Amino acid sequence: MNAADVTAGARTPHVALVDVRSMYVSCERVIDPSLVGRPVVVLSNNDGCVIARSGEAKLLGVSMGQPWFQVQRDPRFGGVVARSSNYELYGDMASRLVASVSSLAADVEVYSIDELFVSLPPRAAAAVGGAGPMVVAICERVARWTGLPTAAGVGATKTLAKVAQREAKQRRLNLMDLSTWSRDRVDALLAVTPVVEVWGIGSRLARRLNAAGIRSALDLARADPMMLRRTGSVVLERTGRELAGTPCIPLGGEPAARRQVMHTRMMGEPVTEPEQMRQVLTVYAQRAVARLREAGLVAGALSVTMSTSPHRPDARHHTWSTGLAPATDQPLEVIRAAHRALPLMEAGRPYNRAGILLTDLVPAGSQPALPLDLFGLETTPGTGSATGTASTTGPERSGPGVGAALDAVTARFGTGALAHGVAGLRGEPVWAMRREQLSAPATTQWDQLLTART
DNA sequence: TCTGGGGTCCTAGGACCC
DNA sequence: TCTGGGGTCCTAGGACCC
């Protein structure tokens, strides 16, 4: 290590990762400052498991994914406050976050609802003090404009920026900037970073890597790239190279077009009868199509999954796919196609999860003109051998107005107000998630509790 | 009361073709 | 009668992320 290394390092472009601390909790605190300083958790959509925790809640020992009823019962967690997830709020705060960062940086990639990568020009990295001051300015602006607290990391690659950001959070710093560090110092940090903490290394890969003697991020950085490709895939190879300092994952600009829309849920009670499953698929298909329509897309293919609990010794998992020709956003057509998966179900077994997956998405109205559907034969391309084609061109085709009408009624009277006949939603079906019986996030018990106290 | 839900990317392997 | 190789396209499934 010598002075030349530092200079060379400082001249290369760097990347910053800006991450909101406990995003969902921080959003809740923005609209309700009385939550600041208290242990707060945000609960999942369905059954009340914890999906976000404030630092105080983490210190108390509340775990990610822990069922809310356990937290409620445990005397250690007496002071914990819960909020139902309010995705509308988080989405709105996320767009303010993007606006704040983009006001100071030209090249920004929105990686997730609470994380952004920012490309730092070489001149920023070469400035006195490295890229730090620019990133600090970004974080301060985020705090001022949105009220959201952030932690940032700077590195020569995205993966190194992730390592730096993780270290910043651990040390309770706002910023960890590796752009001014020597390679030896970076290596020392990697040496104390377990490989499972590296971005892109999950528990499965970590186990395989550990077995191969790769335990730290430094081991991974120094591993032979070809060996990594054989052990995992090109993804793992890229991760290793990125840790070694070679950028392999470019900063993405515009978000990629949506490729799929899914609606997957566990049922509150397992269903054993095909007629119940028919209701489940009807409702799930309806919700998936509603999201498809919101996005202005039509789907050219549909997959249906139905499973029993994977922990059962005789677990069952069925997947069924079909083409939708022409691509459609019409609920009745998708529902009808989804019902064709029903024969796969083994009546009597307790199914507790089902899903609707819409793929081959294209913007509505952009479909190329269809070839003539000669004789109504089911010969549409894109149809797998084991699957069928749900023809949407026959006399059964529902008018385009049905979807729009359903959207309007649902918007006005809520989900479930109107359903495809077979759903028979008079009253809650036994399989409905408990959480889905709540009318709106703003009227959950917890919000009401707090309002009463003020 | 027992691991949520919505995504992406990659690979293996089969079908099919020349 | 025996013997191949190399493409492409598609799907299922694995692994990861937040």
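For every chain, the first residue of the written sequence is number 1, and numbering continues from 1 onward in sequence order. To label them, take the chains in the order written and letter them from A, then take the ligands in the order written and number them from 1. At least 70 in pLDDT is required for a residue's local features to be given in this predicted model, at least 80 for side-chain atom pairs to be given and counted, and no such filter applies to totals for whole chains, interfaces and linings, which use all residues. Excluded from the side-chain calculations are hydrogens and water; all other atoms, namely the structure's heavy atoms, are used.

S.K.: Explain the sheet that holds strand β3 (residues 50-53) here, please?
M.R.: Hydrogen bonds between backbone atoms are what pair the strands of a sheet, whose relative direction is either parallel or antiparallel. Two strands pair if DSSP finds at least two bridges between them. Secondary structure elements are taken from DSSP: a helix is a run of H or I of four residues or more, a strand is a run of E of two residues or more, and numbering for both begins at the N terminus. Pairing is mixed across the open sheet formed by three strands, whose spatial order is β3-β2-β4. Every other strand in the sheet has two partners, leaving β3 and β4 (81-84) as the edge strands with one partner each. The mean angle between the axes of side-by-side strands here comes to 30°, regardless of whether they run parallel or antiparallel. As paired strands, strand β2 (residues 40-43) and β4 are joined by four bridges and run parallel to one another. Opposite V40, over in β4, you have V81 as the bridge partner. Contacts between helix α2 (residues 23-31) and the sheet are confined to β2, β3 and β4, with β2 contributing the most and set at about 110° to the helix. Orientation is described by lines fitted to C-alpha atoms, with helices fitted over the stretch in contact, and by angles between N-to-C directions that extend from 0 to 180 degrees. Throughout, a residue-residue contact means that at least one pair of heavy atoms, one from each residue, lies within 4.5 Å.

S.K.: Before we go on, may I ask you to explain the nonpolar core in this structure?
M.R.: By nonpolar core we mean a set of buried residues, namely Ala, Val, Leu, Ile, Met, Phe, Trp, Tyr and Cys, connected to one another through side-chain atoms within 4.5 Å. In this scheme, a residue with accessible area under 20% of its type's maximum is buried, one over 50% is exposed, and one in between is partly exposed, where area comes from a 1.4 Å probe on protein chains only. The biggest cluster of nonpolar side chains holds 32 residues, and the ones touching the most others in it are M267, M277, L302, V304, I356 and L358. Setting aside residues up to four positions removed in sequence, L358 forms contacts with R259, Q260, V261, A288, V289, L292, A299, A301, L302 and V334. Formed by 31 residues, the second largest nonpolar core is a distinct cluster that contains C27, L35, A52 and L120.

S.K.: What exactly am I supposed to notice about the pattern of salt bridges here?
M.R.: Once the charged atoms of two side chains with opposite charge are near each other, the side chains can pair. A pair is scored as a salt bridge if a Lys or Arg side-chain nitrogen falls within 4 Å of a carboxyl oxygen belonging to Asp or Glu. This structure, assessed with the given rule, holds 17 salt bridges. A salt bridge links R293 to D329; the shortest N-O distance between them is 3.5 Å. Placement of R293 in helix α14 (residues 274-294) and of D329 in the loop between β11 (317-328) and α15 (331-339) is noted, with a sequence separation of 36 residues between them. Judged by its relative accessible area of 17%, R293 is buried. Under the relative-accessibility criterion, D329 is labelled buried at 17%.

S.K.: What's the story with the pairing of strand β7 (residues 150-155) in this structure? I'm lost.
M.R.: Along any regular strand the residues' side chains alternate between the sheet's two faces. β7 sits mainly inside the fold: six of its six residues count as buried. Every second residue of β7 is oriented toward a common face, with T150, A152 and V154 on one face and A151, G153 and G155 on the other, all of them buried. Where strand β1 (residues 14-20) lies against β7, six bridges are found, and the strand directions are antiparallel. Residue V18 lies in a different strand from β7, and its bridge partner there is A152. Both β7 and strand β8 (residues 175-177) contribute to a ladder of three bridges, which runs parallel. Bridging from a neighbouring strand, A152 pairs with L175 of β8. Crossover handedness for the path β7 to helix α8 (residues 158-170) to β8: left-handed. The path from the first strand over the helix to the second decides the hand: if it runs clockwise while the strands point away from the viewer, the crossover is right-handed.

S.K.: Teacher, can you tell me more about the protein's contact with DNA strand C here?
M.R.: Taken together, 16 residues sit near DNA strand C, with D114, K162, G200, R204 and L205 positioned nearest. Whether a residue is near a molecule or strand depends on its heavy atoms: it is near if one of them lies within 4 Å of it. Atoms of DNA strand C within 4 Å of the protein belong to the sugar or the phosphate in 100% of instances, the rest to bases. What qualifies as a polar contact is a pair of N or O atoms within 3.5 Å, subject to a donor-acceptor requirement within protein and to the restriction that residues adjacent in sequence count only when both atoms come from side chains. At 2.5 Å, a side-chain N or O of K162 approaches a phosphate oxygen of DNA strand C. The separation between a phosphate oxygen of DNA strand C and a polar main-chain atom of I201 is 3.2 Å. Put simply, the parts of the chain that give the surface near DNA strand C at least two residues each are β5 (108-112) and α10 (203-211). If one sorts the elements of the surface near DNA strand C by residue count, α10 sits on top with four residues. A class-by-class count of the residues in the surface near DNA strand C yields five nonpolar, six polar and five charged. Amino acids are sorted into nonpolar (Ala, Val, Leu, Ile, Met, Phe, Trp, Tyr, Cys and Pro), charged (Asp, Glu, Lys and Arg) and polar (every other residue, Gly among them).

S.K.: I keep staring at α8 and nothing clicks. Help me out?
M.R.: For an α-helix, 3.6 residues make a turn, and residues three or four places apart therefore share a direction. Helices are assigned an expected span. That span is 1.5 Å times one less than the residue count. Relative to the 18 Å expected for 13 residues at 1.5 Å per residue, α8 spans 18 Å between its end C-alpha atoms, a close match to the ideal helical length. Among the 13 residues in α8, 11 count as buried, and that is most of the element. Along α8, the residues classified as buried are K158, T159, L160, A161, K162, V163, A164, Q165, R166, E167 and A168. Positive backbone phi, approximately 55°, marks R172, located one or two places after α8.

S.K.: Looking at this structure, how should I read the packing of helix α5 (residues 87-102) against helix α7 (residues 132-146)?
M.R.: A pair of packed helices can be characterised by two numbers: the angle between their axes and the separation between those axes. Interaxial distance between α5 and α7 falls to 9 Å at its minimum, and their mutual angle equals 140°. With respect to each other, α5 and α7 are oriented oblique. Handedness of the α5/α7 crossing: right-handed. Facing α5, whose interface residues are M93, R96, L97, A99, S100 and V101, α7 presents I138, R141, V142, W145 and T146. Considered class by class, the residues forming the contact of α5 with α7 number seven nonpolar, two polar and two charged. Angular relationships are summarised with four words: roughly parallel below 35 degrees, roughly antiparallel beyond 145, roughly perpendicular across 65 to 115, and oblique for the angles in between. Take the far helix as the reference: if the near one is turned anticlockwise from it by less than a right angle, the crossing is left-handed, and if turned clockwise, right-handed.

S.K.: What is the right way to read the sheet that holds strand β6 (residues 115-120) from this model?
M.R.: Strand order in this open sheet of five strands is β5-β6-β1-β7-β8, and the pairing throughout is mixed. Of all strands in the sheet, those with a lone pairing partner are β5 and β8, marking the two edges. Pairs of neighbouring strands in the sheet enclose a mean axial angle of 15°, with direction left out of account. On top of the sheet, α5 reaches β1, β5 and β6; it is set at about 10° to β6, its chief contact. Its contacts with the sheet put α8 on β1, β5, β6, β7 and β8, and the angle it makes with β7 is roughly 140°.

S.K.: Could you clarify how one ought to interpret the packing of aromatic side chains in this entry?
M.R.: To describe a pair of aromatic rings, one takes the distance between the centres and the angle between the planes. Under the pairing criterion, centres of Phe, Tyr and Trp rings, with the six-membered ring standing for Trp, must be within 6.5 Å; the plane angle then separates stacked pairs below 30 degrees from edge-to-face pairs above 60, leaving the rest tilted. Inspection of the entire model under this criterion finds six aromatic pairs. Pairing Y111 with W199 gives two aromatic rings, centres 5.5 Å apart and planes at 85°, and the pair type is edge-to-face. Of this pair, Y111 sits in strand β5 while W199 sits in the loop between α9 (183-191) and α10; the two residues are 88 residues apart in sequence, bridging distant segments of the chain. Under the relative-accessibility criterion, Y111 is labelled partly exposed at 37%.

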